[in-house]
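Each chain, letter by letter, is given below.
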Amino acid sequence: MGEDEVSSEENIVRISLIGTHIDLKDGKRNVFRRTLETVPEIEANCFAIGGDHLTSFMRVIANVAEDGQRLTLGSYTLDENADAYLDGNKFFQRHAVVVGSTGSGKSWTTAHILEQVAELPNANALVFDLHGEYTPLVGDGIRHFHIAGPGDLDKGTNLDGGSIYLPYWLLDYEAMISMFVDRSDQNAPNQTMLMSRAVTEAKKEFLKKGDHKDVLGNFTIDSPVPFDLDRVISEIRQLNEEMVDGTRGKKQGDYFGKLSRLIDRLENKRTDRRLGFLFQGGKDTNEYKWLEILSSTLIGGAQDQPESKGGVKIIDFSEVPSDILPLIVSLVARLAFSLQQWMAPGKRHPVALFCDEAHLYIPDRSEGNAANDVSISIFERIAKEGRKYGVGLVVISQRPSEVNRTVLSQCNNLVSMRLTNAEDQGVVRRLLPDSLGGFSDLLPILDTGEALVVGDASLLPSRIRIAKPSSRPNSGTVDFWDKWSTSEAVGSIPAAVDGWRKQTQQT
Ligand SMILES: Nc1ncnc2c1ncn2[C@@H]1O[C@H](COP(=O)(O)OP(=O)(O)OP(=O)(O)O)[C@@H](O)[C@H]1O
Ligand SMILES: [Mg+2]
């Protein structure tokens, strides 16, 4: 190209109309509305706002939430002086997802939100913490629990000490069957039928003994009523060995030998120390009152606790074996949902469930795994109906493409951190409204701790730099090079071996 030739350039800017700024409305100056009351004419001039104008505009956006309960996330990337607020009601009412590749800042974002929740005097939130990541979070409003591991079993039940027992009788019918009956066994239908019969009988027996006539009339196999597992096992054993009268003397009963595998499974699970939180909680956990004690501790609001101990309850599931993790996490979720469902509408105290690493227990496909089926159906139900009963979900995952689609599609707030995987980006793109599809191009280039926030709770789709929480989760990031550069002996192998044998996490 010669020097005197002028190159002509044409820039095309694609714009999405997202709202209207009104100078004066009903006596109020600078109002921003998410609706489009007028649309610009074709060929109208376009202006980019910058400098002081931008700062004032962001103030307008930030002020909108001023009169409600404000949840701050951090500051806008566009203007670091303007605080980014969310509407705390809408964020939890219509569920939320926090996604991002590993190390992009999800746990820190969650911790930042939790710290603000914990400051509210009557907060109520449960955090499903799968790796003990949130242990460092402290404060008056935060309590820590862990599902009792093999190392806790001999210490007895102690909700104050933080170890939780979730007795087997809390499992609903489907969950119990998925645990004890092997679907692939040719006798599975017989085993299922007899198991449910025996459990129903055992529950009836328990209610009769305790003289709970009112419950006796209405209960079903799913009712959370304790029962004697020994009785169930011995009844099934008897059927498995039964000889009946035949035409030519004694012959084998209908179920003879068909229940052996069921009995083995029952016995194995009952004595497995890793499952001690289900089967070895001791006498207290098999009493009628236990459900009330457990529920008040876990699901009650801060003010329902003696001495008002705090409404954010972090439950560490790190010692629960991974094959039954979906059953156990969903059991706690169901506890929260059922209590809200059976509560008088005027008395419901909203509860938010923070589901970290959700792909592990709310998977998109159950892959024929019965525990996954149980969990998926509970979380789908909460996603669809939770709003009515005051149960909010915050689904947190590094693999949105592996999280159940029904649950994701019910989430009306999206906090997406850096996402590099194309499949995951695709899922997030589909969660965005059509007009904002282009927004997803930003996903791979976001900085650590930076998020795209879209949804009911934020007035404008925005790019936000999330503020750091004051106490930081164990992000689990190990500095290879730094560690390798030190010259001290580490010497932690013997303790790890010991921990492995005892199945107890070393601290
Ligand atoms: N808001 C932030 N500001 C600055 N640095 C941050 C922020 N959030 C996260 N980081 C940095 O990123 C690291 C990883 O963050 P985090 O543990 O939250 O990741 P994650 O998305 O939860 O990862 P994983 O999926 O593996 O659990 C932190 O240790 C911290 O150094
Ligand atoms: Mg994390």
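Structure shown above.
Let me begin by describing the structure that accompanies this report.

1. Structural notes on the sheet that holds strand β5 (residues 96–99)
Read from one edge of the open sheet, 12 strands run β4-β3-β16-β15-β14-β5-β13-β12-β6-β11-β7-β8, paired in mixed fashion. Only two strands of the sheet have a single partner each, and these edge strands are β4 (83–87) and β8 (163–164). Two elements, strand β7 (residues 142–147) and β8, share 2 bridges in a ladder whose sense is parallel. Paired with H146 across the bridge in β8 is S163.

2. A word on unusual backbone geometry
At N30, a position not held by glycine, the phi torsion is positive, near 50 degrees. Structurally, N30 is set in strand β2 (residues 28–33). The phi dihedral of H95 falls on the positive side, at around 60 degrees, and the residue is not glycine. Looking at where H95 falls in the secondary structure, it is placed in the loop between α2 (88–93) and β5.

3. Description of the site of ligand 1
Ligand 1 sits among 16 residues. The nearest are G105, S107, W108, G449 and S475. Ranked by the residues each element gives to the shell around ligand 1, the list is headed by helix α3 (residues 106–119), at 3 residues. For the shell around ligand 1, the residue count by class is 3 nonpolar, 11 polar and 2 charged.

4. Some remarks on the packing of helix α7 (residues 229–241) against helix α8 (residues 260–271)
Orientation of α7 relative to α8, taken along the N-to-C sense of each, is 155 degrees, at an axis distance of 9 Å. Our classification of the angle between α7 and α8 gives roughly antiparallel. As for the relative orientation of α7 and α8, their crossing is left-handed in sense. Contacts between α7 and α8 involve L229, I233, I236, R237 and N240 from the first element and S260, L262, I263, L266 and R270 from the second. For the contact of α7 with α8, the per-class residue count stands at 6 nonpolar, 2 polar and 2 charged.

5. Digging into helix α5 (residues 188–209)
A rise of 1.5 Å per residue sets the reference length of α5, with its 22 residues, at 32 Å; its end C-alpha atoms lie 31 Å apart and thus fit the reference within 8%. Within α5, the full set of buried residues consists of Q191, L194, M195, A198, V199, A202, K203, F206 and L207. At its buried positions, α5 is contacted by α4 (173–180), α6 (213–216), α7 and α8. The first or second residue beyond α5 is D211, which carries a positive phi of 60 degrees.

Each value, and the rule that gives it
Residues numbered from 1 in each chain as written. Chains lettered and ligands numbered in written order. Predicted model: local features only at pLDDT ≥ 70, side-chain atom pairs only at ≥ 80, totals over all residues. Pairing = 2+ DSSP bridges. Helix = DSSP H or I, 4+ residues; strand = E, 2+ residues; numbered from the N terminus. Near = placed C-beta within 6 Å. Nonpolar A, V, L, I, M, F, W, Y, C, P; charged D, E, K, R; others polar. Axes fitted to C-alpha atoms, helices over the stretch in contact; angles between N-to-C directions. Parallel < 35°, antiparallel > 145°, perpendicular 65-115°, else oblique. Left-handed = near helix turned anticlockwise from the far one by under 90°. Contact = placed C-beta atoms within 7 Å. Expected span 1.5 Å × (residues − 1). Buried ≥ 20, exposed ≤ 12 C-beta atoms within 10 Å, placed from the backbone.

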